[in-house]
Amino acid sequence: LVQLKMADVTVMRRFDGDDQLRDIFNWIGGHGSAIPDKILRREWCVVDLNRYPVTPLSFDDDMEKTLQYIGCWPSGKLELRPSDDEWRIDGETSEKMGSARGLGAA
């Protein structure tokens, strides 16, 4: 079950482990047609609230990765929020998103 918090609204949907980050991107787009464009321009970002420190998901690099690989399956808790300057300008943060929670993380 993936939960996505957008301001004061939380939406939920079940995904399969072999679904890709692209599937979440398209699902998010179903909640507002402007959202995917703002994510790709890095005005907004989607962060995994189960990770500390929270790190934006890279829709540029990881669109084809499975939800199991990125650690959002069997459950994920995500939030849509405005991007900070480091992510918006550089496209990077000091933290690297990887498969630390996903399949083959060890």
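Check the entry above for the structure.
Given the structure is predicted, the values throughout are model-derived calculations rather than measurements. (Residues numbered from 1 in each chain as written. Predicted model: local features only at pLDDT ≥ 70, side-chain atom pairs only at ≥ 80, totals over all residues. Heavy atoms only, no water.)

## Some thoughts on the packing of aromatic side chains
- A full pass over the atoms with the stated rule returns 2 aromatic pairs.
- Aromatic pair Phe 15 and Trp 27: ring centres 5.6 Å apart, planes at 75 degrees, arrangement edge-to-face. Here Phe 15 is found in the loop between strand S2 (9-13) and helix H1 (21-29), whereas its partner Trp 27 is found in helix H1, with 12 residues between them in sequence. Assigned by exposure class, Phe 15 and Trp 27 land together as buried.
- The interplanar angle of 45 degrees and the centroid separation of 5.3 Å between the aromatic rings of Phe 25 and Phe 59 together place this pair among those described as tilted. Residue Phe 25 is located in helix H1, and its partner Phe 59 is located in the loop between strand S3 (44-48) and helix H3 (67-70); the two are separated by 34 residues in the primary sequence.
- Just above the ring of Trp 87 sits the side chain of Arg 42; from NZ or CZ to the centre is 4.0 Å. (Phe/Tyr/Trp six-rings, centres within 6.5 Å; stacked < 30°, edge-to-face > 60°. Helix = DSSP H or I, 4+ residues; strand = E, 2+ residues; numbered from the N terminus. Buried < 20%, exposed > 50% of the residue type's maximum accessible area, 1.4 Å probe, protein only. Lys NZ or Arg CZ within 6 Å of the ring centre and 35° of its normal.)

## Points about the sheet that holds strand S1 (residues 2-6)
- The strand order across the open sheet formed by 4 strands is S2-S1-S4-S3, and the pairing between neighbours is mixed. If you trace the sheet from one side to the other, it starts and ends with S2 and S3, each paired once. Put simply, the sheet's adjacent strands are angled 20 degrees from each other on average, direction ignored.
- By the bridge criterion, 5 bridges tie S1 to strand S4 (residues 76-82) in an arrangement that is parallel. Bridging across to S4, Lys 5 finds its partner in Glu 79. (Pairing = 2+ DSSP bridges. Axes fitted to C-alpha atoms, helices over the stretch in contact; angles between N-to-C directions.)

## With respect to the environment of Val 11
- In this structure, Val 11 sits in strand S2.
- Sequence spacing of Val 11 and His 31 is 20 residues, and the spatial spacing of their C-alpha atoms is 9.2 Å.
- Leave out the neighbours within four places in its chain, and Val 11 touches Val 2, Gln 3, Leu 4, Met 6, Trp 27 and His 31. (Contact = heavy atoms within 4.5 Å.)

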